[in-house]
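Structure assessment
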Amino acid sequence: MSEGNTYSISDLAREFGVTTRTIRFYEEKGLVSPRREGQRRVYSSADRVRIKLILRGKRVGMTLDECVEIIDMYNPAQDNTEQL
């Protein structure tokens, strides 16, 4: 269940139409870093946005590595020319 700006793995899987295994795979690859409350994964708004951007990139034919490379270029303190 979503609480404020946190999300469970089930919330995100349902929202994005993917399996929880997909989200766990992204975690295993180090692409998202949920905190743990016992056995429960708690995802932040930043994790949610990363998953959303990864899935968007994959929909347009990018590889997972390409998605991550573009996402990691984002720096709000800069003008993001490199990312564009």
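All of the points below concern the structure found in this document. Since we're looking at a predicted model, the values are computed, not measured.

1. Topic: the overall build of the protein
The number of helices and strands found in the protein is 4 helices and 3 strands. Secondary structure elements in the protein, listed N-terminal to C-terminal, are β-α-α-β-β-α-α. Expressed as a percentage of the 84 residues in the protein, the buried residues total 35%. Within the protein, counting contacts between residues at least 6 apart in sequence, those at least 24 apart form 43% of the total. When the accessible surface of the protein is split by element, carbon and sulfur atoms take 50% of a total near 5600 Å².

2. Overview of the side chain of Ser-8
One can find Ser-8 in the loop between strand S1 (6–7) and helix H1 (9–16). One polar contact links the side chain of Ser-8 to the main-chain amide nitrogen of Asp-11, over a distance of 3.0 Å.

3. Describing helix H4 (residues 64–72)
Every buried residue of H4 is listed here: Leu-64, Cys-67, Val-68 and Ile-71. One side of H4 holds all its buried residues, which, seen down the axis, span an arc of 95°. Buried-residue contacts for H4 involve helix H2 (20–28) and helix H3 (45–59).

4. Considerations on the pairing of strand S3 (residues 40–44)
Inspection of the sheet shows S1 paired to S3 by 2 bridges, in the antiparallel sense. Residue pairing for S3: Tyr-7 is matched across the bridge by Tyr-43. As defined by bridge partners, strand S2 (residues 35–37) adjoins S3 across 3 bridges and the pair is classed as antiparallel. The residue of S3 that forms the bridge with Arg-36 is Arg-41. Between S2 and S3, which follow one another and run antiparallel, lie 2 residues, and Gly-38 among them has a positive phi close to 70°.

Cut-off values and rules
Residues numbered from 1 in each chain as written. Predicted model: local features only at pLDDT ≥ 70, side-chain atom pairs only at ≥ 80, totals over all residues. Heavy atoms only, no water. Helix = DSSP H or I, 4+ residues; strand = E, 2+ residues; numbered from the N terminus. Buried < 20%, exposed > 50% of the residue type's maximum accessible area, 1.4 Å probe, protein only. Contact = heavy atoms within 4.5 Å. Areas by Shrake-Rupley, 256 points an atom, 1.4 Å probe, with all protein chains shown as cover. Polar contact = N/O pair within 3.5 Å; in protein donor to acceptor, adjacent residues only side chain to side chain. Arc of directions from axis to C-beta. Pairing = 2+ DSSP bridges.

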